[in-house]
Amino acid sequence: MTDTPPSALPTVSVVVATRDRPLLLAKAIESIMGQNYEGDIECVVVYDQVPPDTSMERSDPHRSVVVVGNDRSPGLAGARNSGALRSRGELLAFCDDDDEWLPGKLSAQVSLLESRRADVAVSGIYVLFDGRSTARVADESSLTVLQLARRRVMEAHPSTVLVRREAFFDRIGPVDEEIPGSYGEDYDWMLRAAAAGPIAAVEEPLVRVLWGSQSFFQRDWRMVVDGLEYLAGKHEILRADPRASAKITGRQAFAFAALGDRRQALRLAWRTFRSNWRQPRSYLVLMMTAGLLRPDFMLRTAHSRGRGI
């Protein structure tokens, strides 16, 4: 960190949305409470659509745990906003209930925000899947609106985000609760954050992201299609840039193929190919509709390499 006295360091509020995963949640909270950051940390645990477990509350003023219920729209977006509204910190952070922070995460990010005078900082991640750990680190050149539109940049995971409170509620805005099923709410927020100003990045993996555990919401391919349609309608660059457009339609084509809707899958695969013939999803969809590949196999292969579809 810096030579700043602990009393002068900003309080960080960490929002953890959860639902029916007590063992994973306990590990996530432990990793937050175990930060070597010398300022105060408040962990706001938000239970979504299940009764809150207040037994884990902790009243220590320097390392507190507050438990609340989601009093906004059901789902991840509403839960995150509920936690942010109930928090008190000058800085806001988010951690999924199946992820864990390494001890130096907050100290490195707070120091970077201070030195760069940025509103948002992220870090790299370790993707844990099927016994493998894959490091993914983004540099700041990949965190512009254009680059985020063209490539999801999974390295900028929501569990790595640290943001100034006033920026979250004003210049960037809170999480969009209108997105169908909260699908891609983190991607939407990151696009808005990049449009509001430069995103600083600690270029080392400081969060362990567990893939393959039971999802906060079960995968619903129809929701994927609708969520992507919503995002494309909201962000002009996702329609105007050929590479960005191809990424969106390619993911929709994959979702339709997984649903067994061959006609829609092939229609969107062809649109993807016309926008950007280098986009691999158009070819994957052709193999899926021909019965040569299964969606679960493709997902597992991508996850094993620390990537998504």
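Everything numeric in this text was worked out from a predicted model, so none of it was measured.

Enquirer: What should I look at first to understand the packing of aromatic side chains in this one?
Expert: For any pair of aromatic rings, the description consists of the separation of the ring centres together with the inter-plane angle of the planes. If you walk through the whole model with that rule in mind, you get six aromatic pairs. Taken together, a centroid distance of 5.6 Å and an interplanar angle of 55 degrees make the contact between Trp-221 and Phe-254 tilted. Note that Trp-221 is positioned in helix 7 (residues 221-234) and Phe-254 in helix 9 (residues 242-259), a separation of 33 residues in sequence. Their ring planes at 90 degrees and their centres at 6.2 Å tell us that Phe-273 and Tyr-283 sit as a pair that is edge-to-face. Of this pair, Phe-273 sits in helix 10 (residues 262-275) while Tyr-283 sits in helix 11 (residues 281-289); the two residues are ten residues apart in sequence, bridging distant segments of the chain. Classification of Tyr-283 as partly exposed rests on a relative accessible area of 36%. It is Lys-105 that lies over the ring of Trp-101; its NZ or CZ is 4.0 Å from the centre.

Enquirer: Is there a simple way to explain a positive patch on the surface in this structure?
Expert: On the surface, a cluster of positive charge is made up of Arg-263, Arg-267, Arg-271 and Arg-274. Turning to its location among the elements, Arg-263 is positioned in helix 10.

Enquirer: Can you help me understand the environment of Glu-204 in this one?
Expert: Structurally, Glu-204 is set in strand 9 (residues 199-210). Discounting chain neighbours no more than four positions away, the residues touching Glu-204 are Ser-123, Gly-124 and Val-137.

Enquirer: What is the right way to read empty space enclosed by the protein from this model?
Expert: Left-over empty space is what a probe sized like a water molecule reveals as it rolls over the atoms. What the rule picks out here adds up to one cavity of 30 Å³ or more. A volume near 100 Å³ is recorded for the largest cavity. The element contributing the most residues to the lining of the largest cavity is helix 6 (residues 185-196), with four residues. Tallied by class, residues from the lining of the largest cavity come to seven nonpolar, no polar and three charged.

Enquirer: Sorry, what's going on with the nonpolar core here?
Expert: Soluble globular proteins: nonpolar side chains tend toward being buried together. In this structure, Val-122, Leu-143, Val-163, Phe-168, Trp-189, Ile-199 and Leu-238 are the most contacted members of the largest nonpolar core, which totals 59 residues. In this view, Val-163 contacts Glu-90, Leu-91, Leu-92, Phe-94, Asp-119, Val-120, Phe-168, Ile-172 and Trp-189; residues no more than four positions away in its chain are not counted. Grouped together as the second largest cluster of nonpolar side chains are 37 residues, Val-14, Val-67, Trp-101 and Ala-200 included.

Enquirer: How should the pattern of salt bridges be read in this particular structure?
Expert: Where charged atoms of side chains with opposite charge meet at close range, the side chains can pair. Under the criterion given, the structure shown has 20 salt bridges. Across the pair Arg-171 and Asp-119 runs a salt bridge whose closest N-O atoms are separated by 3.0 Å. Taken together, the positions of Arg-171 in helix 5 (residues 165-171) and Asp-119 in the loop between helix 3 (105-116) and strand 6 (120-129) put the pair 52 residues apart, joining distant regions of the chain. Judged by relative accessible area, which is 41%, Arg-171 ranks as partly exposed. Among the charged side chains, a network of salt bridges with common partners joins Asp-119, Arg-164, Glu-166 and Arg-171.

Enquirer: Would you mind showing me how to read the packing of helix 9 against helix 10 here?
Expert: Between two packed helices, the angle of one axis relative to the other and the distance separating the axes together describe the packing. One can describe the packing of helix 9 onto helix 10 by two numbers: an axis separation of 8 Å at closest approach and a directional angle of 160 degrees. Relative to helix 10, the element helix 9 lies roughly antiparallel. For helix 9 against helix 10, the interelement crossing comes out left-handed. The segment helix 9 lies against helix 10, with Pro-242, Ser-245, Ala-246, Thr-249, Gly-250, Gln-252, Ala-253, Phe-256 and Ala-257 engaging Gln-264, Ala-265, Leu-268, Ala-269, Arg-271, Thr-272 and Ser-275. The class makeup of the residues in the contact of helix 9 with helix 10 is eight nonpolar, seven polar and one charged.

The rules behind these values
Residues numbered from 1 in each chain as written. Predicted model: local features only at pLDDT ≥ 70, side-chain atom pairs only at ≥ 80, totals over all residues. Heavy atoms only, no water. Phe/Tyr/Trp six-rings, centres within 6.5 Å; stacked < 30°, edge-to-face > 60°. Helix = DSSP H or I, 4+ residues; strand = E, 2+ residues; numbered from the N terminus. Buried < 20%, exposed > 50% of the residue type's maximum accessible area, 1.4 Å probe, protein only. Lys NZ or Arg CZ within 6 Å of the ring centre and 35° of its normal. Patch = residues over 30% accessible without salt bridge, like charges linked within 9 Å, V, L, I, M, F, W, Y side chains within 5 Å. Areas by Shrake-Rupley, 256 points an atom, 1.4 Å probe, with all protein chains shown as cover. Salt bridge = Lys/Arg side-chain N within 4 Å of Asp/Glu carboxyl O. Lys, Arg positive; Asp, Glu negative; His and termini not counted. Charge placed at Lys NZ, Arg CZ, Asp CG, Glu CD. Contact = heavy atoms within 4.5 Å. 1 Å grid on protein atoms, 1.4 Å probe; cavity = no way out; pocket = protein on both sides within 12 Å on 5 of 7 lines; lining within 4 Å. Points joined across faces, edges and corners; volume = space filled by probe spheres on them. Nonpolar A, V, L, I, M, F, W, Y, C, P; charged D, E, K, R; others polar. Core = buried A, V, L, I, M, F, W, Y, C linked by side-chain atoms within 4.5 Å. Axes fitted to C-alpha atoms, helices over the stretch in contact; angles between N-to-C directions. Parallel < 35°, antiparallel > 145°, perpendicular 65-115°, else oblique. Left-handed = near helix turned anticlockwise from the far one by under 90°.

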